[in-house]
Amino acid sequence: MAANTRDIRRRIKSVKNTSQITKAMQMVAAAKMRKAQSAALAGRPYAALLNRVLQSVAVRSQDGGHPLLEARDVAKHLVVVVSTDKGLCGALNTNLLREAAKFDPAKTVFVAVGRRAMQWLVRNQRTVLADFQLKDSMSFLDARMVSRFAMEKFLTGEVDKVSVLFTDFINTLRQVPKEKVVLPISSLAVTVGVEGSIDDAVVDVKDGGLEYIFEPSQGEVLDAVLPHYVHFEVYQMILDSRASEHSARMVAMKSATDNAKQLIKDLTLEYNKIRQASITTELLEITTAQMALG
Amino acid sequence: MATLRLEIVTPEGRAYSDDVEMVVLPAVEGEMGVLPMHVPFMTQIKPGELVVRKGGDTLHLAVGDGFVEVTQTQVNVLADMAIEEKAIDEGAVEAAVQRAREALARKDLGSEESAAVEASLARSLVQLQLKRRRKHG
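Numbering of residues starts from 1 in each chain and follows the order in which that chain's sequence is written. Ligands are numbered from 1 and chains lettered from A, in the order in which they are written. Confidence filtering applies because this is a predicted model: local features only for residues at pLDDT of at least 70, side-chain atom pairs given and counted only at 80 or more, and all residues used for totals across whole chains, interfaces and linings. Only heavy atoms go into the side-chain values, all of them from the structure, while hydrogens and water stay out.

S.K.: Could you clarify how one ought to interpret empty space enclosed by the protein in this entry?
M.R.: All names here are of chain A. Site definitions follow a grid-based scheme: protein atoms alone, a 1 Å grid, a 1.4 Å probe that fits but cannot get out for cavities, and for pockets an open set with protein on both sides within 12 Å along at least five of seven lines, plus lining residues having an atom within 4 Å of a point. Grid points are joined across faces, edges and corners, and a volume is the space filled by probe spheres set on the points. In this structure the tally under the stated criterion is 4 cavities of 30 Å³ or more. Empty space within the largest cavity amounts to approximately 70 Å³. Forming the boundary of the largest cavity are V82, S83, T84, L92, N93, V113, T167, I238, S241, R242 and E245. The helix and strand labels rest on DSSP assignments: H or I over at least four residues marks a helix, E over at least two residues marks a strand, and numbering proceeds from the N terminus. Elements represented by at least two residues in the lining of the largest cavity include exactly α3 (92-100) and α7 (218-293). Here the lining of the largest cavity gets 4 residues from one element, more than from any other, and that element is α7.

Here's what the structure looks like:
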């Protein structure tokens, strides 16, 4: 009897400790989430406008006018998998890596961003070209290392298509794994207007009424815009993944804390029941003894 | 009078959005003024001073590298920095310049990093220049 109550007490204590830890992690994730979310959302008007600028440049240039625009037959596909470094964020990485498993291992090479992706790729014996570890406070520059690497592989012809597998941030409760093709930039029409907050007064380029003048020259502007566009796209996708990660972790930790609280409640109830039972038995024993004596 | 819709966006968000009468841009080929009904135009900009005229008022902004799209009714500026003259903190910028110069002097940076430091130095210098000119001029 006494041993049992002591066991329960010990369990309550340990569950309480766990809940304190998950509560702390929830707080940290919430703070990081707010930061990551605002970073991800702040870049959207820029992305939308960049999209528009690029579209108007690309429409004017003939197809295949630039190596980054050139669509080739896909013999090798490069997939950049953006995962988290740490676990404890619900089903986020599981969902992401399930998508990663769908690519044909013979035709696909991978670049890992984040420790979880790397571990999974190695365990499943996929070809990994590079592994990037990005800091928690990632700058545009850090993200550029990733996109620069992918762009080099594409330009040298080692791969014919580059896409990024990331977790799209929809809202705090919903994050969806998504694959987006970044190279070649022929799939422009698809991405344009997706995040369009600036869609007013779009110049009708098809009318031929408006001819852009480029300075210094169209080629030079295109040369500058296209790589910048790719860098920014990748950066934005990594930011989205970050926002998703922290949101998912906060939600996971919140439910862990809630579960721990529920468990403590159940255990306390159990404990009190046993305690009450033992008191009742003791009382009964005393009364019986007294009656026997009396 | 005809106006231009000016939008300035940076990766951190929308920095400026208003109907204005004239914009002066620091284009790579030199400063250019844009009035309404300008011919459609696209160019790169370098770190420098962007001037906005609106209803007799003049607004000065320091901008970084980026692109500009001009149509007859719109000017869209994509820059990696855009900061109003009023918002420039001279002390903080000077400290940033100092740090960047020291980092470049150490020469232990990779090419990517030093390019970034140089870019941020250029941005800081532009801010300082603008602030000082406004103060004395």
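S.K.: What exactly am I supposed to notice about the domain arrangement of chain B here?
M.R.: One frequently used descriptor of interface size is the decrease in accessible area upon assembly of the parts. Residue and element names in this part refer to chain B. The domain architecture assigned to chain B consists of domain 1 (4-85) and domain 2 (88-136). By convention here, the domain bounds are inherited from an automatic or database domain assignment. Each of domain 1 and domain 2 was reduced to a C-alpha centroid, and the two centroids are 22 Å apart. Only heavy atoms matter for contacts: two residues are in contact if any of them lie within 4.5 Å across the pair. Facing the 13 residues of domain 1 at the interface are 9 residues of domain 2. By buried area we mean how much accessible surface two parts lose on assembly, using a 1.4 Å probe and totalling the loss over both. Here domain 1 and domain 2 share an interface that buries about 990 Å² over both sides, 65% of which is from carbon and sulfur atoms. When residues of domain 1 are sorted by the area they lose upon contact with domain 2, E49, M81 and E85 head the list and together hold 47% of the total. Here a salt bridge means any side-chain nitrogen of Lys or Arg lying within 4 Å of a carboxyl oxygen belonging to Asp or Glu. Here domain 1 and domain 2 share 1 salt bridge between them. With a shortest N-O distance of 3.2 Å, R123 and D80 are connected by a salt bridge. Distance and chemistry together define a polar contact, namely a pair of N or O atoms within 3.5 Å, with one atom able to donate a hydrogen and the other to accept it when in protein, and with adjacent residues in sequence counting only for side-chain atoms on both sides. If you look at where domain 1 meets domain 2, you find 3 residue pairs in polar contact (both at pLDDT 80 or more). Of all the secondary structure elements, the ones that give two or more residues to the side of domain 1 that touches domain 2 are β6 (48-54), β7 (57-63) and β10 (82-84). In terms of residues, the side of domain 1 that touches domain 2 owes the most to one element, β7, which gives 4 residues.

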